[in-house]
Amino acid sequence: MARDQSQEGLLRDSERWSKDEAGHDSDSDIEATEYLDRGRAGTPPKHEYDQSFPTANKARQSGIIRCMGRRSRCCIGFLAAFIGLWILLSAGGAFVYKKYQEEPPYGQSPPWYPSPKGGIAKTWAASYDKAAKMVNKMTLAEKVNVTTGTGWQMGLAVGTNGPAVHVGFPQLQLQDGPLGIRFADNITAFPAGVTVGATWNRQLMYARGRAHAIEARQKGINVLLGPCVGPLGRMPAGGRNWEGFGADPYLQGVAGAETVKGIQSEGVMATIKHFVANEQEHFRQPWEWTLPHALSANIDDRTLHELYAWPFGDAVKAGVASVMCSYNMVNNSYACGNSKLLNGILKDEMGFQGFVMSDWLAQRSGVASALAGLDMTMPGDGAKWADGESFWGPELSRAVLNGSVPVDRLNDMVTRIVAAWYQLGQDDETKFPRQPPNFSSWTDERMGVLAPGSPSPQAQVVVNQFLNVQANHSVIAREVAAEGTVLLVNEGLLPISRTGLDEAKLKTRRSTNARTAGKRHTGKFSIGVFGEDAGPGKGPNHCKDRACNQGTLASGWGSGAVEFPYLVSPIEALRKEFDSSKVELHEYLTNKPSITGKDKVALEDLELCIVFANADSGEGYVKWEDVRGDRSDLNLQKGGDDLIVDVAAKCGSGSGDVIAVIHAVGPVLMEKWIDLPNVKAVLLANLPGQESGNALVDILFGKTNPSGHLPFTIGKSLDDYGPGAKVMYLPNGVIPQQDFSEGLYIDYRYFDKEGIEPRFEFGFGLSYTNFNLSNIRVESKKAKSALPEARPSPAAEPPSYSTVIPPKDEARFPSGFRALEKYIYPYLPAVDNIKVGHYPYPDGYDTERPLSGAGGDEGGNPDLWATYVTVTVDVRNDGPVAGAVVPQLYIEYPPKDEVDFPVRVLRGFDKFYLKPGETHTAQFSLTRRDLSYWDVVEQNWVMVTEGEYKFGVGLSSRDLPLTGRW
Ligand code: BGC
């Protein structure tokens, strides 16, 4: 296969660009710790994390220097052993490095050039017109400024690009992340993506996105770095799965698109991330894991389209302003320099009209990434954190001046960014004042400097105004947390009441229970609450970036976490809720309750025990215990399994009823305790955010009828998810090769194909009432045909500009300009030596690619979004209480020669509220894309025209009582 980002693409100009792109000779002295400095002042210092990383730096500090001072033999021995061990352990580096160093399998993704220009969609035409007028007036330096971040900590947000002052284009302020405003005060800590996915509620997805954006706008943020739909959840232990909405592309797509719409309804630009296949944290980026390269996710074309790229398609269709490309390689080209992904799939096929931004330091080349379709580099620094040396900035100015980056590529990069700004109405200064954010990501103090990353002296200004932007968003946070709680088991125990159990349940319990039958119960109802996860611990913000598991778990860790304004712990809410005149509450907020004396007696008399346990994970730049981003297994952490088993045995000497409440970043194994007879209720509360306890109480006490459904499968073992579901903890090469050879078969698709019985299937979730589904109707709206209609001609023309290389002087440092050290400017100190030359482009650059039949408009060929068939069913609440129901539709493809199809795939869901006895009709509209598979020969979405599609409708992926055909 042709090589994509050829190294020649980089052998263009300045010295730094002539480095081997494979990086072997470039930054081998970079130490992993440098990549860990992501903190803010006032929180534990940068090298807090050194504890956990066996870096060269640390070796020097801890062993080598001190030891050599003493020069003892023992020390030399220790040193040798240490170095040996380090070489072995630092991700197996040396051996595999040697094995592969001669021929790293670099650049196997097909080339796709030139980069499609933005401005073809009707929905963006007006914004592109305005942008063209502005961009036309920009100088070279201004254009470059707009594309390049100013450097790590060179603004108050986590990312800031440069302005184009003379034409009135401001700096954009970019901030994480998917569940709230990171590093900010007085904001809402919403439930995480996985909890949102578990609601299966489109309105809530939208409402949470909108509330998030209101806070962002009021804090002075232009671009939110979320939502996250990648990772998708190929590996249930993947560290960042919780930032997304669940292990199914359709669910991720809907949730991602609704969130985008919600965010953008407030004028804030959303960023859909991480494009694509950043499925695990180990080896996600160079050097962070010792190796000089990121892992390569090797994916076949069909799987890429049907699983990993699918939800990005929904976001593009929803008008997303920005896409963040990921750290990893895909098919051995870095995702942020992969022309097939960015130019081909995203910009041509999906018709993406906004701009592609790199993940923080995910850009690994200069010219090559520009040609491959990257439009903005973040945070600006290139190969190393915070060194002020960019792959772009002045180097992009130089590359345009010497002809190695075509002028029209730069114009397109800038136009895309400016058009997105107009598209979201951010030229309205009443909503987006052209000022820095009113908070600083780097200090909690009121006063500070505007570019704390620079050592240059700067004036102190007010950087934190402590503006409270929470409004009543706690209501939405609470609703999402409650609706995102999944009731997995309920043997008549829930809901409980303020007095413990209601009269009827209490009577049954006391008369049927062997231990308590016949006993006189005159005292209070005795309840025990167990587990560290029920309590506040050391406070929700105890660990930097939430990177430890202590107290109740309400979020994972990393850039996707926020500073909690408060966190209502379960125990706090339970204390308030129980009627203390009727209930005696015993608290054991530890995972190792040592129960003696009075407590022991109390334990024997407990009639109800609520036990909490959890499992945490996060972003891989920091680890907690042995969890370095990705979980090491699917077990409950901190002895959670043993705690539940122990509580079940001791609660009322084994006769008390037990409710297990789990907070988790994803699926956990429950086999050790799920079948224990007195574990009568199990709630998976996911990651509920600041309203944790309140939302839990809403469910436990029946104020909200549970309506959450699993956004992933809970298996009986990790093996049950298949070989592809295992995180690669040790590298298999200098560029670790992760082959997605299971193809389409992840999560329920794998369980269904292999006939494996999960513990709880995808889509499962109980209610306090019963729903009955009936009367399925299938109505054909359009005739089947294999291929979509012909790609439409563009509804608008991209702006055209002069392609003449601008005067060199436009990139010269203005005289008298006081530059801040390390701050990234677009200027060059000397321009006279720059000559226009003929530089080789990547292989395949001159072969213009045919435009994709799947493209043609924002979101792709419009016919892909046309409804071809509708399915309706009646849903009736047959039970005693009101509640919300989630009917789900799965399709089975007709068989087709030589095309393998999963047993079934999710292609529709709805959610509505029904009073007892009430009936409502659910309607599912199936689009051409929903009914198609990606045909690698046609290079298009193809519908199966022979045979019948089968539609299963029900309340989970394995409870599909109604069947329709088309
Ligand atoms: C993460 C992104 C995040 C960025 C900025 C990166 O490490 O992968 O998701 O938006 O940092 O904080």
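Here goes a summary of the coordinates provided.

What counts, and at which threshold
- Residues numbered from 1 in each chain as written.
- Predicted model: local features only at pLDDT ≥ 70, side-chain atom pairs only at ≥ 80, totals over all residues.
- Heavy atoms only, no water.
- Buried < 20%, exposed > 50% of the residue type's maximum accessible area, 1.4 Å probe, protein only.
- Helix = DSSP H or I, 4+ residues; strand = E, 2+ residues; numbered from the N terminus.
- Pairing = 2+ DSSP bridges.
- Axes fitted to C-alpha atoms, helices over the stretch in contact; angles between N-to-C directions.
- Parallel < 35°, antiparallel > 145°, perpendicular 65-115°, else oblique.
- Left-handed = near helix turned anticlockwise from the far one by under 90°.
- Contact = heavy atoms within 4.5 Å.
- Near = heavy atom within 4 Å.
- Polar contact = N/O pair within 3.5 Å; in protein donor to acceptor, adjacent residues only side chain to side chain.
- Nonpolar A, V, L, I, M, F, W, Y, C, P; charged D, E, K, R; others polar.
- Salt bridge = Lys/Arg side-chain N within 4 Å of Asp/Glu carboxyl O.
- Phe/Tyr/Trp six-rings, centres within 6.5 Å; stacked < 30°, edge-to-face > 60°.
- Lys NZ or Arg CZ within 6 Å of the ring centre and 35° of its normal.

### Describing the pairing of strand β26 (residues 932-935)
Residues in a regular strand project their side chains so that they alternate between the two faces of the sheet.
Right, on to step 1. The alternating pattern of β26 places Ser932 and Trp934 and Tyr933 and Asp935 on opposite faces, both of which are buried.
Right, on to step 2. As defined by bridge partners, β26 adjoins strand β27 (residues 940-943) across four bridges and the pair is classed as antiparallel. By the bridge assignment for β27, Ser932 is matched with Met943.
Right, on to step 3. Two successive antiparallel strands, β26 and β27, enclose a turn made up of four residues, where Gln939 displays a positive phi of approximately 55°.

### So, the packing of helix α5 (residues 140-147) against helix α13 (residues 394-401)
Right, on to step 1. At a closest axis distance of 9 Å, the pairing of α5 and α13 adopts a crossing angle of 130°. On the basis of their axis angle, the class for α5 and α13 is oblique. In this structure, α5 meets α13 at a crossing whose hand is right-handed. Residues Leu140, Val144 and Thr147 of α5 form the contact with α13, whose participating residues are Leu396, Ser397, Val400 and Leu401.

### Here we look at the site of the ligand
Right, on to step 1. Near the ligand lie 14 residues; those nearest to it are Asp176, Arg240, His274, Asp359 and Glu619.
Right, on to step 2. Here an oxygen atom of the ligand sits 2.9 Å away from a polar atom, N or O, in the side chain of Tyr327.
Right, on to step 3. When grouped by side-chain class, the residues that make up the shell around the ligand number four nonpolar, two polar and eight charged.

### Focus: the sheet that holds strand β22 (residues 888-892)
Strand pairing within a sheet occurs via backbone hydrogen bonds; the two strands may be parallel or antiparallel.
Right, on to step 1. Here four strands make up an open sheet; going across it, the order is β23-β22-β28-β29 and the pairing antiparallel. Every other strand in the sheet has two partners, leaving β23 (905-909) and β29 (962-965) as the edge strands with one partner each. Between one strand axis and the next, the sheet turns by 30° as a mean value, whatever way the strands run.
Right, on to step 2. Pairing analysis gives four bridges linking strand β28 (residues 950-954) to β29, with the strands arranged antiparallel. What sits directly across from Phe951, in β29, is Gly964.

### Quick word on the pattern of salt bridges
Right, on to step 1. In total, this model carries 50 salt bridges according to the counting rule given.
Right, on to step 2. With a shortest N-O distance of 3.2 Å, Asp545 and Arg182 are connected by a salt bridge. With Asp545 in the loop between β13 (525-530) and α17 (570-577) and Arg182 in the loop between β2 (173-175) and α6 (193-199), this pair connects stretches of sequence that are 363 residues apart.
Right, on to step 3. For Arg182, a relative accessible area of 2% translates into the label buried.
Right, on to step 4. A salt bridge links Arg478 to Asp698; the nearest nitrogen and oxygen atoms lie 2.8 Å apart. With Arg478 in helix α15 (residues 473-483) and Asp698 in helix α20 (residues 692-700), the pair connects residues that are 220 residues apart, well separated along the chain.
Right, on to step 5. Assessed through its relative accessible area of 27%, Arg478 is described here as partly exposed.
Right, on to step 6. A residue is classified by how much of its surface remains accessible, and Asp698, at 8% relative accessible area, is buried.
Right, on to step 7. If you follow the salt bridges from partner to partner, you end up with Arg240, Glu243, Glu281, Arg284, Glu288 and Glu619 in one network.

### Here's the deal with the packing of aromatic side chains
Right, on to step 1. Under the counting rule described, the total for this entry stands at 32 aromatic pairs.
Right, on to step 2. Geometrically, the ring pair formed by Phe275 and Phe312 is edge-to-face, given 4.9 Å between the ring centres and 70° between the ring planes. Here the residue Phe275 occupies a position in strand β4 (residues 269-275), and Phe312 occupies one in helix α10 (residues 310-317), the gap between them amounting to 37 residues. The pair Phe275 / Phe312 is uniform in exposure class, with both members buried.
Right, on to step 3. Ring-pair connections join several aromatic residues into one group, and the members of that group are Trp200, Tyr250, Tyr748, Phe762, Tyr890 and Phe909.
Right, on to step 4. Above the plane of the ring of Phe740 lies Arg234, whose end atom (NZ or CZ) is 3.9 Å from the centre.
Right, on to step 5. Over the ring of Trp310 we find Arg929, and its NZ or CZ is 3.7 Å from the ring centre.

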